[in-house]
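Observations on the model geometry
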Amino acid sequence: SQTIHQWPATLVQPVGSPLSLECTVEGTSNPNLYWYRQAAGRGLQLLFYSVGIGQISSEVPQNLSASRPQDRQFILSSKKLLLSDSGFYLCAWTFQSRGYTFGSGTRLTVV
Amino acid sequence: GENVEQHPSTLSVQEGDSAVIKCTYSDSASNYFPWYKQELGKRPQLIIDIRSNVGEKKDQRIAVTLNKTAKHFSLHITETQPEDSAVYFCAALHVTSGTYKYIFGTGTRLKVLA
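A few words on the side chain of B:Ser30. Residues and elements named next belong to chain B. By the secondary structure assignment, Ser-30 is in the loop between β3 (19-25) and β4 (32-38). Assessed through its relative accessible area of 1%, Ser-30 is described here as buried. Separated by 2.7 Å, the side chain of Ser-30 and the backbone oxygen of Leu-93 make a polar contact. If near-sequence neighbours (up to four positions away) are discounted, Ser-30 is found in contact with Tyr-25, Lys-68, Ala-92 and Leu-93.

Next up on the list: the state of the cysteines. Residues and elements named next belong to chain A. By the definition in use, this model includes 2 disulfides over all chains. Residue pairing for Cys-23: its cysteine sulfur links by disulfide to Cys-91, the two sulfurs lying 2.0 Å apart. Between Cys-23 and Cys-91 the sulfur-sulfur dihedral comes to about -75°; the bridge is accordingly left-handed. Taken together, the residues span a long stretch of sequence, with Cys-23 in strand β3 (residues 19-26) and Cys-91 in strand β9 (residues 87-94) at a distance of 68 residues.

Between chain A and chain B, the residue contacts involve 24 residues of the former and 17 residues of the latter. For the pair chain A and chain B, the summed buried surface comes to about 1700 Å²; carbon and sulfur atoms form 56% of the total. Here chain A and chain B share 1 salt bridge between them. Between A:Glu59 and B:Lys101 there is a salt bridge whose closest N-O contact spans 3.1 Å. Considering each element in turn, the side of chain A that touches chain B owes the most residues, 4 residues, to strand β4 (residues 32-38) of chain A. Along the lines of polarity and charge, the residues of the side of chain A that touches chain B split into 10 nonpolar, 10 polar and 4 charged.

Residues and elements named next belong to chain B. Here we have 5 strands laid out as an open sheet, ordered β1-β3-β8-β7-β6, and antiparallel in their pairing. Strands at the two margins of the open sheet, each flanked by one partner only, are β1 (4-7) and β6 (56-59). Taking the axes of each pair of neighbouring strands and ignoring which way they run, one obtains an average angle of 15° across the sheet. Where β3 lies against strand β8 (residues 72-77), 6 bridges are found, and the strand directions are antiparallel. Within β8, the residue paired with Val-20 across the bridge is His-76.

Parameters and conventions
- Residues numbered from 1 in each chain as written.
- Chains lettered and ligands numbered in written order.
- Predicted model: local features only at pLDDT ≥ 70, side-chain atom pairs only at ≥ 80, totals over all residues.
- Heavy atoms only, no water.
- Helix = DSSP H or I, 4+ residues; strand = E, 2+ residues; numbered from the N terminus.
- Buried < 20%, exposed > 50% of the residue type's maximum accessible area, 1.4 Å probe, protein only.
- Polar contact = N/O pair within 3.5 Å; in protein donor to acceptor, adjacent residues only side chain to side chain.
- Contact = heavy atoms within 4.5 Å.
- Disulfide = S-S within 2.5 Å.
- Buried area = accessible area lost by both parts, 1.4 Å probe.
- Salt bridge = Lys/Arg side-chain N within 4 Å of Asp/Glu carboxyl O.
- Nonpolar A, V, L, I, M, F, W, Y, C, P; charged D, E, K, R; others polar.
- Pairing = 2+ DSSP bridges.
- Axes fitted to C-alpha atoms, helices over the stretch in contact; angles between N-to-C directions.

Encoded structure:
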């Protein structure tokens, strides 16, 4: 069966520090991968998606970047965090027209 | 761009009553509509879905209906229980150039009052 792993679960980072969140999927090949952000009490904002290794599409211009160095690995990064980067970050995967499966999320607080 | 409107944003019901959440989508090519439940501090989880070739689907106390002509779909929860309290998101599949993305509604916070 397919599983998705996301870490870390929580992170407190100072303004201006770098960020790296990682997501891996097991049990499938060539998944579509996604990064979402959810501000407190708000909806799901799509940040990036990837249909293959090295292929990244950005939905919202911002302080973040994403990379897909391996088929089942998706990384979200920032060189310098802003206060507004705080939120709940969710990785998700899907294959063709099936619903998303979300990772367990990373709660990022920028202080 | 494509969007999904979801109503209401909050919904309070007495335990045992029914709850209905409604969504409208704009992409006439959408053919798959999942619903997600998100409990406080947790990830959204798929609870039910429907494809465009059917009008209704049921799974115990939850059901989803779809009206493709009107581009509406709804979630129905019967005999609500306190554990149904959560935020519910509807979504519509949007496919462009072979890329699958889901357009989410803004969410409905359901409170089931004991």
